[in-house]
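If you want the building blocks of each chain, they are given just below.
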Amino acid sequence: MDPEGNLLIADGFTALYDRHAQALYRYCARRVGPDLAEDAVAQTFLIAYEKRHTADPGVDPLPWLFGIATNVLFRHRRDEVRGYRALARTGADPLLVQMSAESHAARADERVDAGQRARRIARVLAKLPARQRDVLLLFAVADLSYAEIAEALHLPLGTVQSALHRARAKLRKSLNEEEAGR
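First, a word on what this report is: a plain description of the structure on this page. (Residues numbered from 1 in each chain as written. Predicted model: local features only at pLDDT ≥ 70, side-chain atom pairs only at ≥ 80, totals over all residues. Heavy atoms only, no water.)

Scanning the entire structure with this criterion turns up two salt bridges. In this structure, K173 engages E177 in a salt bridge whose closest nitrogen and oxygen atoms are separated by 3.8 Å. Of the two residues, K173 and E177 are both situated in helix α9 (residues 157-180); the distance of four residues between them amounts to about one turn of the helix. Accessibility expressed as a relative area gives 48% for E177, which makes it partly exposed. (Salt bridge = Lys/Arg side-chain N within 4 Å of Asp/Glu carboxyl O. Helix = DSSP H or I, 4+ residues; strand = E, 2+ residues; numbered from the N terminus. Buried < 20%, exposed > 50% of the residue type's maximum accessible area, 1.4 Å probe, protein only.)

In structure tokens:
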């Protein structure tokens, strides 16, 4: 049996961490920044370990872990929204480590275009309802399927599909309006 199949044993949980910690870190870092992401991932695995007896051994544990991580990040929502608003206002993403001066100078034009687009996207993300933002980021950042998102957030599949559709439509509409306004 795969060690992840039995989360009750220490080796199985260690394998679970080794296999999924990096994906959870990327998702959390995009949501709350690298400093808080480490804490969020640690807290996610602590909660997962405490609730390991509730995990279904026959099912992929990744959506379960993303669900826990999303709940951990719920506490950081205020900071997340502030970060998106700051990015929308200034164009400087407070959640990402800045590039070195040499690399920055070499790609300045590229970064200006990307920065403008990131600001527009951040404005929309800051305004999205929490459920739509969670679904969109689990899909776009964590690369989860609709079914995995539904499992992670304990939502019906149709609700996930609807929330993702609405979030995408709002994002697309906002970007198109701003492009037309140039």
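In contact at an axis separation of 7 Å, helix α3 (residues 62-74) and helix α8 (residues 146-153) are set at 50 degrees when each is read in the N-to-C sense. Here α3 is positioned oblique relative to α8, judged by the angle of their axes. Considering how the two elements wind past one another, α3 and α8 form a crossing that is right-handed. Residues P63, W64, F66, G67 and T70 of α3 lie in contact with α8, whose contacting residues are E148, E151, A152 and L153. (Axes fitted to C-alpha atoms, helices over the stretch in contact; angles between N-to-C directions. Parallel < 35°, antiparallel > 145°, perpendicular 65-115°, else oblique. Left-handed = near helix turned anticlockwise from the far one by under 90°. Contact = heavy atoms within 4.5 Å.)

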